[in-house]
Amino acid sequence: KSTTVPNIDDSLNNLEDDDEDDIVDLAANSLLNKLIRQSLVESSHLVEVLQKDPSSPLYSVKTFEELRLKEEILKGIYAMGFNRPSKIQEMALPMMLAHPPQNLIAQSQSGTGKTAAFVLAMLSRVNPLDLFPQCLCLAPTYELALQTGRVVEQMGKFCMNIEVMYAIRGNHIPRGTEITKQIVIGTPGTVLDWCFKRKLVDLTKIRVFVLDEADVMMDTQGFSDQSIRIQRALPSECQMLLFSATFEDSVLQFAERIIPDPNVIKLRKEELTLNNIRQYYVLCDNKNDKYQALCNIYGGITIGQAIIFCQTRRNAKWLTVEMMQDGHQVSLLSGELTVEQRASIIQRFRDGKEKVLITTNVCARGIDVKQVTIVVNFDLPINQTHEPDYETYLHRIGRTGRFGKKGLAFNMIEVDKLPLLMQIQDHFNSSIKHLDPEDMDEIE
Ligand code: ADP
């Protein structure tokens with residue numbers, strides 16, 4: 001394989017030039033989602049509830065007042081700009097705040113208000129006068145732990161004397177230190193160490209145990225076992241809460257192993273659909289040809305903002321340079337960037353500072369830019385066994401049926417990839433039309 005790219009911009013050339021696909025890192029994506037989130041994610045589905053005791057009445061709330069929260073917590077919630085509970089919160093909060101405490105397993109996609117809900121539960125159950133850890137929250141990474149801690153700090157702004165401590169790698173606490181903060185948030189390894197080896201946290205005094213991002217947690221070697229070891233040492237009256245954005249069987253099995261007698265709440269995700277997307281393909285011989293076709297499309301129709309997906313970092317970089325040299329305002333989002341850098345690129349793009357965003361698969365699921373109506377598959381998404389990657393295709397160009405605007409998608413296809421594209425078309429039972437890039441009349 002050739003590694004030299006003609007006329008490549010020096011600064012880009014200095015980036016690590018690997019030809020690898022970007023691997024999707026669940027924890028990084030979750031963090032990215034949090035960093036770029038602007039508001040609650042809505043769902044048109046109904047919340048499904050499975051009560052541990054089906055005969056007990058099912059409460060849901062439409063206002064925060066109904067929850068009879070402490071005044072300072074209510075003030076914190078309103079200061080965050082929340083007016084009413086989110087869909088999942090309507091059902092989850094009454095269960096989480098019930099007396100006696102109930103255990104809960106809740107699944108709903110990222111952005112639906114899970115974190116806010118359990119932070120509210122933790123703050124409500126803390127006794128600020130008790131100067132020892134009373135709530136323990138496990139998170140998959142350092143950064144995600146910090147994000148949750150920020151929510152505690154925001155929502156707990158008016159709660160005097162409630163403090164957070166982070167049990168994360170690098171937070172060195174001298175032996176024998178007495179932890180007086182009531183809420184501990186950390187990663188399983190460090191928490192285990194603090195509880196068992198260093199005896200900094202007395203698990204028998206924990207009242208609320210939260211296992212956040214269970215699906216991401218399970219993805220990390222060792223975290224499930226460590227979490228279970230921690231859970232086993234908790235007192236039986238401790239309230240146990242588990243949250244996950246997805247609910248594959250493996251996650252549910254893990255959830256049921258670790259949370260005794262739970263209520264289960266699920267909110268299905270708004271499905272992605274290709275129904276309101278017009279899809280086209282352009283036949284090309286090679287990379288340069290694809291680029292030419294892209295330019296023709298650009299010349300032929302009015303484009304607001306576009307996202308272009310490439311299969312490898314190298315292709316993405318190459319395309320970025322080509323487009324820049326032709327005077328387009330483009331930005332490149334790829335896996336070698338830190339999550340913070342990615343978030344800032346996405347924000348700039350959202351603000352319209354760049355018209356084109358070129359990216360690999362890293363962010364296919366993280367990005368939600370409402371104003372984008374054009375998506376280009378510069379390379380078709382394929383998996384390791386060289387079959388079409390249907391899910392990625394859907395995530396790149398699909399819109400939610402309910403909120404989606406109409407969209408346009410272009411696939412740049414080498415002739416030998418055409419059968420793969422046809423498989424995609426059949427899979428989704430949708431039509432992908434051939435387009436002659438010299439003749440754009442067909443589109444507008
Ligand atoms: P999740 O944990 O499911 O990803 P979050 O609790 O982080 O969801 O909430 C997603 C976004 O919505 C955050 O920006 C949060 O501040 C906001 N949010 C949460 N609950 C509400 C609410 N009841 N009203 C308005 N905004 C909310």
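Residues numbered from 1 in each chain as written. Predicted model: local features only at pLDDT ≥ 70, side-chain atom pairs only at ≥ 80, totals over all residues. Heavy atoms only, no water.

Regarding the nonpolar core
- If you look at the biggest cluster of nonpolar residues, it comprises 79 residues, and the most contacted ones within it are Met96, Phe118, Met122, Ile183, Leu241 and Ile265.
- Tallying contributions element by element places helix α5 (residues 114-125) first for this core, with eight residues.
- Residue contacts for Leu241: discarding those within four places in its chain leaves Met96, Gln102, Leu104, Phe118, Ala121, Val208, Phe209, Val210, Leu211 and Ile259.
- One finds Ile230, Cys238, Ala255 and Ile259 within the second-largest nonpolar core, a separate group that totals 34 residues. (Core = buried A, V, L, I, M, F, W, Y, C linked by side-chain atoms within 4.5 Å. Buried < 20%, exposed > 50% of the residue type's maximum accessible area, 1.4 Å probe, protein only. Helix = DSSP H or I, 4+ residues; strand = E, 2+ residues; numbered from the N terminus. Contact = heavy atoms within 4.5 Å.)

As for the sheet that holds strand β10 (residues 277-284)
- An order of β12-β13-β11-β14-β16-β10-β17 is seen for the seven strands of this open sheet, with the pairing classed as parallel. In the strand order of this sheet, the two ends are held by β12 (330-333) and β17 (432-434), each with one partner. For this sheet, the mean inter-axis angle between neighbouring strands, taken without regard to orientation, is 25°.
- Pairing between β12 and strand β13 (residues 356-359): four bridges, direction parallel. (Pairing = 2+ DSSP bridges. Axes fitted to C-alpha atoms, helices over the stretch in contact; angles between N-to-C directions.)

Brief notes about the packing of helix α2 (residues 26-36) against helix α6 (residues 142-155)
- In contact at an axis separation of 9 Å, α2 and α6 are set at 30° when each is read in the N-to-C sense. Judged by the inter-axis angle, α2 sits roughly parallel to α6. Two packed elements cross with a definite hand, and for α2 against α6 that hand is left-handed. Of the residues in α6, those touching α2 at Ala27, Ser30, Leu31, Lys34 and Leu35 are Glu143, Leu144 and Gln147.
- For the contact of α2 with α6, the per-class residue count stands at four nonpolar, two polar and two charged. (Parallel < 35°, antiparallel > 145°, perpendicular 65-115°, else oblique. Left-handed = near helix turned anticlockwise from the far one by under 90°. Nonpolar A, V, L, I, M, F, W, Y, C, P; charged D, E, K, R; others polar.)

Quick look at the pattern of salt bridges
- The final tally for this structure, using the stated rule, is 13 salt bridges.
- Measuring nitrogen to oxygen at the nearest pair gives 3.8 Å for the salt bridge that ties Arg268 to Glu271.
- Take Glu271: its relative accessible area is 48%, and that puts it in the partly exposed class.
- Arg348 is the salt-bridge partner of Glu354, the closest N and O atoms lying 2.8 Å from each other. (Salt bridge = Lys/Arg side-chain N within 4 Å of Asp/Glu carboxyl O.)

Some details on the sheet that holds strand β3 (residues 135-138)
- The strand order across the open sheet built from eight strands is β1-β8-β2-β7-β6-β3-β5-β4, with neighbouring strands paired in mixed fashion. The outermost strands of the open sheet, each flanked by one partner alone, are β1 (47-50) and β4 (164-167). Averaged over all neighbouring strand pairs, the angle between strand axes comes to 15°, with direction disregarded.
- Sheet analysis places strand β2 (residues 103-108) next to strand β8 (residues 262-267), joined by six bridges and oriented parallel. Looking across to β8, one finds that Ser108 is bridged to Leu267.
- Sheet contacts for helix α10 (residues 249-258): β2, β6 (208-211) and β7 (239-244); angle to β7, the most-contacted strand, approximately 170°.

Some details on the packing of helix α9 (residues 223-232) against α10
- Interaxial distance between α9 and α10 falls to 10 Å at its minimum, and their mutual angle equals 20°. For the element pair α9 / α10, the angle class is roughly parallel. Between α9 and α10 lies a crossing of right-handed hand. Within the contact between the two elements, α9 uses Ser224, Ser227, Ile228, Gln231 and Arg232 and α10 uses Phe254, Arg257 and Ile258.

A word on the pairing of β6
- Residue alternation in β6 divides its side chains into two sets, Val208 and Val210 and Phe209 and Leu211, and both sets are buried.
- Relative to β6, β3 runs parallel, the two being bridged by four bridges. Across the sheet, the residue bridging to Cys137 is Val210, located in β6.
- One ladder, built from four bridges, connects β6 with β7; its direction is parallel. Looking across to β7, one finds that Val210 is bridged to Leu241.

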